[in-house]
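One-letter residues, chain by chain:
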Amino acid sequence: MERTISIAIDGPAAAGKSTVAKILAEDYSYLYIDTGAMYRALTYMVLKKNEDLENEAAVKEILSDAHIELVPSESGQLVFVNGENVTEQIRSHEVTNSVSIAAKHASVREEMVKRQQDMAVNGRVVMDGRDIGTHVLPNAEVKIFLRASVTERAKRRHEENLSKGFTSDLAQLELEIERRDKLDSEREVAPLKKAEDAVEIDTTSLSIQGVVDEIKKIVQERL
Ligand code: CDP
Ligand code: CDP
């Protein structure tokens, strides 16, 4: 029987995690789990309820009542909270710039990690986030840490916005990405960090296919 593995992909904002994770999941017929979408869905709920993101107990309570579902579809992954389709709302500027605050709370992370581990219990997953290789799937057979210069990452997000018909200020995007990376890397609980046994890939001058090919080589070695 063919061996199945789990693939953990971590890295800072716009390093290309979700793009390559989706391609790998499709090519291997694995389940793709976007853990960032779960923190985004929670943040959306907290903002909707006008609750203070800094208030750990309040944020945790909202999470306890939030049934978050990641549903694959032809048009990509859909995200539902308590039955409400929030796929587009969780990508808003407001959510993007607030999510690192909701994600810093220890009790919130504990619950999220539990849910994510339950989703991955049967293996055959590609999971992307910030703490997958270090905390969520510490035994993943393949761990990848993607990097790219902040200038390149801001440019990618800028172009992504343009392709969706939005304009954005490149310099402002760069500042926002730097701020979020700093919050994610410096928080006390499970900060963004390369796992010791992760393979680091600098994607600054690589195409998406170039990154996918590098990861596939590593997967082949492990299979
Ligand atoms: O796609 P992008 O890089 O913009 O971010 P994301 O993966 O959607 O994650 C949004 C935010 O959720 C991150 O900036 C982190 O604050 C948080 N996050 C986390 O703390 N741990 C994870 N495993 C995934 C996301
Ligand atoms: O998930 P994460 O925030 O790490 O990044 P992403 O949403 O997968 O990628 C951000 C943007 O960069 C997307 O529009 C990708 O198409 C693009 N990208 C790229 O141009 N070159 C790469 N090597 C990887 C991603």
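Residues numbered from 1 in each chain as written. Chains lettered and ligands numbered in written order. Predicted model: local features only at pLDDT ≥ 70, side-chain atom pairs only at ≥ 80, totals over all residues. Heavy atoms only, no water.

1. What to know about the sheet that holds strand β2 (residues 31-34)
Here is step 1: The strand order across the open sheet formed by 5 strands is β2-β6-β1-β7-β8, and the pairing between neighbours is parallel. The outermost strands of the open sheet, each flanked by one partner alone, are β2 and β8 (199-202). Strand-to-strand, the axes of this sheet are offset by a mean angle of 20 degrees, without reference to chain direction.
Here is step 2: As paired strands, strand β1 (residues 6-10) and strand β6 (residues 125-129) are joined by 5 bridges and run parallel to one another. Looking across to β6, one finds that alanine 8 is bridged to methionine 127.
Here is step 3: The strands that helix α9 (residues 208-222) touches are β1, β7 (142-147) and β8; relative to β7, the one it contacts most, it runs at about 160 degrees. (Pairing = 2+ DSSP bridges. Helix = DSSP H or I, 4+ residues; strand = E, 2+ residues; numbered from the N terminus. Axes fitted to C-alpha atoms, helices over the stretch in contact; angles between N-to-C directions. Contact = heavy atoms within 4.5 Å.)

2. Some details on the side chain of threonine 35
Here is step 1: Here threonine 35 is to be found in helix α2 (residues 35-48).
Here is step 2: For threonine 35, a relative accessible area of 2% corresponds to the buried category.
Here is step 3: A polar contact of 2.6 Å, which involves the side chain of threonine 35, links it to the backbone oxygen of aspartate 128. (Buried < 20%, exposed > 50% of the residue type's maximum accessible area, 1.4 Å probe, protein only. Polar contact = N/O pair within 3.5 Å; in protein donor to acceptor, adjacent residues only side chain to side chain.)

From the geometry alone we can't say anything about function, so treat these as descriptive.
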